[in-house]
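Chains, contacts and geometry: an overview
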Amino acid sequence: MPFIGSSDCAEFASGVEEGEALNAFCHWVLTFRRHLPNILSDEKMKRMRMNHLAQWEKLDLLSMNVHYAEGRVEYSDITVDGKLTAKTMFDLGGSWSTGELGTVLEGVVIDVRKSKFKFLKRTKIQSHGVLGFEFNITRAENSSWTLQSGDRKFVPGYKGRIWLDQDTYELVQFERVSTEVDPKFPIQSVATLTKYSNVSLGDKTDFVLPVSSQSITCLIQIAKDVYANCLKNELTFENWRKFGAEHRITTDIPKEPN
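Residues numbered from 1 in each chain as written. Predicted model: local features only at pLDDT ≥ 70, side-chain atom pairs only at ≥ 80, totals over all residues. Heavy atoms only, no water.

**Here we look at the overall build of the protein**
- When helices and strands are counted, the protein shows 3 helices and 13 strands.
- Burial status across the protein gives 42% buried among its 258 residues.
- Within the protein, counting contacts between residues at least 6 apart in sequence, those at least 24 apart form 55% of the total.
- Of the roughly 14,000 Å² of accessible surface on the protein, 48% is carried by carbon and sulfur atoms. (Helix = DSSP H or I, 4+ residues; strand = E, 2+ residues; numbered from the N terminus. Buried < 20%, exposed > 50% of the residue type's maximum accessible area, 1.4 Å probe, protein only. Contact = heavy atoms within 4.5 Å. Areas by Shrake-Rupley, 256 points an atom, 1.4 Å probe, with all protein chains shown as cover.)

**Some thoughts on the state of the cysteines**
- The final tally for this structure, using the stated rule, is 2 disulfides.
- One disulfide bridge connects cysteine 9 with cysteine 26, the sulfur atoms lying 2.1 Å from each other. Between cysteine 9 and cysteine 26 the sulfur-sulfur dihedral comes to about -75 degrees; the bridge is accordingly left-handed. Separated by 17 residues along the polypeptide, cysteine 9 in helix α1 (residues 9–13) and cysteine 26 in helix α2 (residues 19–35) bring together distant segments of the chain.
- Residue class for cysteine 26 comes out buried when judged on its relative accessible area of 0%. (Disulfide = S-S within 2.5 Å.)

**Examining the packing of α2 against helix α3 (residues 103–111)**
- At a minimum axis separation of 9 Å, α2 and α3 run at an interaxial angle of 135 degrees. By the angle class used here, α2 and α3 are oblique. Between α2 and α3 the crossing geometry is left-handed. Of α3, the residues touching α2 (which contributes Phe25, Cys26, Trp28, Val29, Leu30 and Arg33) are Thr103, Leu105, Glu106 and Val109.
- For the contact of α2 with α3, the residue count by class is 7 nonpolar, 1 polar and 2 charged. (Axes fitted to C-alpha atoms, helices over the stretch in contact; angles between N-to-C directions. Parallel < 35°, antiparallel > 145°, perpendicular 65-115°, else oblique. Left-handed = near helix turned anticlockwise from the far one by under 90°. Nonpolar A, V, L, I, M, F, W, Y, C, P; charged D, E, K, R; others polar.)

**Section: the pairing of strand β10 (residues 171–179)**
- The buried fraction of β10 amounts to 8 of the 9 residues, a majority that puts the element mostly inside the structure.
- Note: strand β9 (residues 157–165) against β10, 8 bridges, orientation antiparallel. For tryptophan 163, the partnering residue across the bridge sits in β10 and is glutamine 173.
- Examined bridge by bridge, β10 and strand β11 (residues 189–200) share 5 bridges and lie antiparallel to one another. Bridge pairing in β11 links glutamine 173 to lysine 195. (Pairing = 2+ DSSP bridges.)

In structure tokens form, the structure reads like this:
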């Protein structure tokens, strides 16, 4: 992935309406992981599939402790429908979602340099007055995101929107959907929406972090923007707190309960 530094942020935002907000967003993204303390979160992931009536059916509910430290992510105390499992996050099968912290946003900032963000509008999301910006990345410009199905990989194009608080320029919502997917590839569409908030870390400090995320993956395209055989993950992140001397992450694999 190409390198971009904070000094590039002014050029990144130049010529774009409400560019001051984009400049601040760019700086925040590029320094996010450097400023991010070691933190823990309680994460829940509800996994669903669409039935023949186009209704969502629950598959399972995963619960876990998530530890973010120095750019790495570790999962522990994983349960499936309330039962402790010895399997890792990536051994559970089905559809799963990661990458809500830092790396996805860094990739967008790097990829969007040629096409640039375009100002969309001012509006409100819940109680937030927000500034909306949209982006559209071609396959040739995409250096950060790969779809994977088994051993097969494909680099799509993608488009989306970011919504920034109109006063603080903090990220409120991020949206992304794949484009230009090869019709022969097993995955035909991936769409994500992640909501962010300025979260208290319990020691009188705070940080802008994800509080919920939704990802929909579809395997069959019926018509333009119409898909079938879809899976949905709904994630929530709660109880963000710093990882310090009073916390300990165990790497021992738990035994399967009888």
